[in-house]
Amino acid sequence: MKRKIWIGITIVVVVVIMLVATALMNGCAKQPSPKKLDLVLAVNVTTYSAPVYIALAKGFWEEEGLKITRKDFAAGRFCLDAILGGKADFGTVAEAPMVFVGLTGQKALIIATMASGDNEMKVIARKDHGIVSPLDIKGKKVAALVSTVSEFFLYLFLNEHGMTMSNINLVNLKPAEMPNALINGDIDAFAVWEPFVYNAGKVLNEKATVLSSKGLYDIPFNIVIPEELAQKYPETIKSILRGLVKAEQFIGTNRKEALEIISKEVGLSTDVLEGLAKDIKFELMLNNSTIDLMEREAKWAIEAGYAPKDAKIPDYRSLFYTKALKSLNPKAVTIE
Amino acid sequence: MIPFIKKLSSKRLAILVPIPLFLLLWEIVSRVGLYNAALFPPPSRALLALIEMLKEGTLLSDAFISVKRVSIGFCLGSFAGISIGTLTGRSKFFGITLGQLIQLFRPIPVIAFVSLTIIFFGLGEFSKYFLITWGVFFPVWLNTDTGISRVESSYLRAAQSLGANTRRLLTEVIIPAALPYIAAGMRIGIAVAYICLIVAEMTGASEGLGYRIEITRLVFRIDKMIGILVVLGVLGALSDGAFVWFRNKLLPWHKWI
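Residues numbered from 1 in each chain as written. Chains lettered and ligands numbered in written order. Predicted model: local features only at pLDDT ≥ 70, side-chain atom pairs only at ≥ 80, totals over all residues. Heavy atoms only, no water.

J.: Describe the overall build of chain A, with residues and values.
T.: Counting its regular elements, chain A contains 14 helices and 11 strands. In terms of overall size, chain A behaves like a compact globule, its C-alpha atoms giving a radius of gyration of 22 Å where 336 residues would be expected to give roughly 20 Å. For chain A, the spread of C-alpha atoms along the three principal axes comes to 75 × 60 × 35 Å. Per-residue burial over chain A gives 54% buried out of 336 residues. A sequence separation of at least 24 residues applies to 79% of the contacts in chain A between residues at least 6 apart. Positive and negative side-chain charges in chain A, numbering 40 and 38 respectively, have mean positions lying 7 Å apart. (Helix = DSSP H or I, 4+ residues; strand = E, 2+ residues; numbered from the N terminus. Rg over C-alpha atoms; globule rule 2.2 N^0.38 Å. Buried < 20%, exposed > 50% of the residue type's maximum accessible area, 1.4 Å probe, protein only. Contact = heavy atoms within 4.5 Å. Lys, Arg positive; Asp, Glu negative; His and termini not counted. Charge placed at Lys NZ, Arg CZ, Asp CG, Glu CD.)

Set out below in structure tokens:
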């Protein structure tokens, strides 16, 4: 019997040693290379991903010698999972998921904000469920995607109207599931980005109302990379950014064609897109204002219990890789 | 310390040592710093997270709603599985017609039905009960069908020769003879119910342990997630233990240890 116990103990010890060995092996550095050419891109379906869609459609990254394999995700938060899990080399992520990266000491870096605007996030609600003004949302079932700009915007929206998250019944849903849930009457409202608000409004017509929120939340929509890419392939990052610069120039000079490309990707007509794009600034930059916003979001995350009560707000500057953009356009970088 | 260990019998050592040893090694590996402690927290931090959730009140309310969902789904799934299993196990006609239809759906994982369930039944409680019922149904049905169809014909002939009608044959001979099979199916059903619960609560829920796991995943609160997983494990083990106890009372001639 004692022999069996020792065998059992040995097995447990061996399992632990194997775990440690795996961790060490994963940590071993591979041979560096001057440029990584085959890249996997994680994209979130939103009008803010427009520069990425254009760069792909017009072959701007191919011109830079990059071969891109694209993977679509329901939200930037899931793009981030792919980046942190080593399944993507770069991706589109807003600042909110990056707040949690900082709070948990993980390694992913923002190389540029490629789009920003203060009218992308909206709350759409069912009028026939008794919601005609923001205050009517009290006590209702409201959907948002937890830990993303969707939830943070809802938090800001409620605060703006003298409410807190405890005043509503929060339902965690993926953006693509929200319009159907609202149309079926399973929820009373949802807070998310386009094109989901527009899609729900189109079906519900008079039964729905979009609650005004312009100016409440200026979202910086970013390109994020794993730390390893910055350490080993700085030239690749410059190529990614050069492709995006070309895309943004294209949006400025070939508006009609650009809208047609985006239209195919997000499923909105060019007329609707024209209206939405007016509020979006497509310009590569790295601003201090993003850091201020992330610090504010970190406070919210701690208050909401998403981070330990004793968690300290990290220095979010460490989550920015400024070298590449600075070398292309020094004026675009205000982060020191 | 050593004399104390020497005094313990081998059997007691086998019971007492593995879990504390595992927890101790886990604590050491996590604290050594090979992994990011936020993503691979030590068990002591998971315990603190559990206490934090208890203080917040979310743990008890989530556990309560999840147990309620599992209980209702398990009862409905078991009832459907036993009823239809009896039908398909006794009747060749239903065995072929219904049987092939059920076999068509059986290999499809519950997760594949989540979106369809939300479209059909919405985000309310019914869709969650449905998914758990759906998952529990198959193992219970399969075991009931097997158990019922394998009842020895000598039992049936003996009962019939003593004048048993169809109802008495079913309730006093066939079902009791098939009970060990049915119980085995239901025991598998308990584990499946918890799997389906998590699947059902991960989308479109606003409370429950599955919902909480998803939220903690999204915000990288792995310490809380591990705490909830431990609670789920304990609930599963308690449910299984309670079922085995009840089954042994019901079938004293066919006890499980």
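After presenting the structure, the write-up continues.
J.: I'd like a rundown of the environment of Thr104 of chain A, residues and numbers included.
T.: By the element assignment, Thr104 of chain A lies in the loop between helix H5 (95-103) and strand E4 (108-117). Each C-alpha atom, one on Thr104 of chain A and one on Ala311 of chain A, is 9.1 Å from the other, the two residues being 207 residues apart in sequence. Leave out the neighbours within four places in its chain, and Thr104 of chain A touches Asn36, Ala38, Val219 and Phe220 of chain B. At 2.8 Å, the side chain of Thr104 of chain A and the side chain of Gln106 of chain A are in polar contact. (Polar contact = N/O pair within 3.5 Å; in protein donor to acceptor, adjacent residues only side chain to side chain.)

J.: Explain the interface of chain B and chain A to me, and be specific about the residues and the numbers.
T.: Counting from both sides, the interface comprises 33 residues of chain B and, opposite them, 41 residues of chain A. Summed over both partners, the interface of chain B with chain A comes to about 3,000 Å²; 66% of that surface belongs to carbon and sulfur atoms. Area buried by chain B at its contact with chain A is led by Leu123, Leu218 and Phe220 of chain B, which between them contribute 20% of it. Taking the shortest distance from any N to any O, the salt bridge between Asp81 of chain A and Arg217 of chain B comes out at 3.0 Å. (Buried area = accessible area lost by both parts, 1.4 Å probe. Salt bridge = Lys/Arg side-chain N within 4 Å of Asp/Glu carboxyl O.)

J.: Which residues make up the layout of surface pockets, and what values go with them?
T.: Approximately 640 Å³ is the volume found for the second largest pocket. In terms of lining residues, the second largest pocket is bounded by 27 residues, among which Leu170, Ala304 and Tyr306 of chain A together with Tyr211 and Arg212 of chain B are the most central. At the level of secondary structure, the elements contributing two or more residues to the lining of the second largest pocket comprise helix H6 (149-160), strand E7 (169-172) and helix H13 (288-303) of chain A together with helix H4 (43-56), helix H5 (58-90) and helix H11 (209-218) of chain B. Per-class residue counts for the lining of the second largest pocket are 11 nonpolar, nine polar and seven charged. Taken together, domain 1 (38-116 + 220-332) and domain 2 (121-211) of chain A each give at least three residues to the lining of the second largest pocket, which thus spans both. (1 Å grid on protein atoms, 1.4 Å probe; cavity = no way out; pocket = protein on both sides within 12 Å on 5 of 7 lines; lining within 4 Å. Points joined across faces, edges and corners; volume = space filled by probe spheres on them. Nonpolar A, V, L, I, M, F, W, Y, C, P; charged D, E, K, R; others polar. Domains from an automatic or database assignment.)

J.: Could you give me a rundown of the packing of aromatic side chains, with the residues and numbers involved?
T.: Two descriptors summarise a pair of aromatic rings, namely the distance from one centre to the other and the angle between the planes of the rings. This structure, assessed with the given rule, holds 23 aromatic pairs over all chains. Considering the side-chain rings of Trp300 of chain A and Tyr306 of chain A, the 5.8 Å spacing of their centres and the 85° angle between planes classify their relative orientation as edge-to-face. There is no split in this pair, since Trp300 of chain A and Tyr306 of chain A are both buried. A connected cluster of aromatic rings, assembled from ring pairs, spans Phe105, Phe113, Phe120, Phe121, Phe126, Phe130, Trp134, Phe137 and Phe138 of chain B. (Phe/Tyr/Trp six-rings, centres within 6.5 Å; stacked < 30°, edge-to-face > 60°.)

J.: Describe the sheet that holds strand E1 (residues 38-44) of chain A, listing the residues and the values that go with them.
T.: All names here are of chain A. Pairing within the open sheet is mixed, and its six strands lie in the order E2-E1-E3-E10-E4-E11. Two strands bound the open sheet, and with one partner strand each, they are strand E2 (67-73) and strand E11 (280-285). Strand-to-strand, the axes of this sheet are offset by a mean angle of 30°, without reference to chain direction. For E4 and E11, the ladder comprises four bridges, and the chain directions are antiparallel. Each residue of the ladder has a partner; that of Ala115, found in E11, is Phe282. Here helix H2 (residues 50-57) sits on the sheet and contacts E1, E2, strand E3 (90-94), E4, strand E10 (219-226) and E11; the angle it forms with E1, its principal contact strand, is near 140°. (Pairing = 2+ DSSP bridges. Axes fitted to C-alpha atoms, helices over the stretch in contact; angles between N-to-C directions.)

J.: Account for the packing of helix H8 (residues 125-149) of chain B against helix H10 (residues 166-202) of chain B, naming residues and giving values.
T.: Residues and elements named next belong to chain B. At their nearest, the axes of H8 and H10 sit 7 Å apart, and the two run at 155° to each other. What the angle tells us is that H8 and H10 run roughly antiparallel. Classified by chirality, the crossing of H10 by H8 is right-handed. A breakdown of the residues in the contact of H8 with H10 according to their chemical character gives 19 nonpolar, seven polar and one charged. (Parallel < 35°, antiparallel > 145°, perpendicular 65-115°, else oblique. Left-handed = near helix turned anticlockwise from the far one by under 90°.)

J.: Talk me through empty space enclosed by the protein; I want residue IDs and the actual numbers.
T.: All names here are of chain A. Under the definition given, this model contains four cavities of 30 Å³ or more. What the largest cavity holds in volume is close to 110 Å³. Along its surface, the largest cavity is lined by 15 residues, and Asn44, Ala94, Val149, Trp193 and Phe221 are the ones closest to its centre. Elements that contribute at least two residues to the lining of the largest cavity include exactly helix H4 (76-84) and E10. Each residue belonging to the lining of the largest cavity can be placed in one class, and the counts come to nine nonpolar, four polar and two charged. Per-domain counts for the lining of the largest cavity show at least three residues from each of domain 1 (38-116 + 220-332) and domain 2 (121-211). There is about 60 Å³ of room inside the second largest cavity. Taken together, Thr47, Ala50, Ile251, Arg255, Ala258, Leu259, Ile262, Leu273, Ala277, Ile280 and Phe282 make up the full set of residues lining the second largest cavity. Residue assignment for the lining of the second largest cavity shows that the elements contributing at least two residues are helix H11 (255-266), helix H12 (270-277) and E11.

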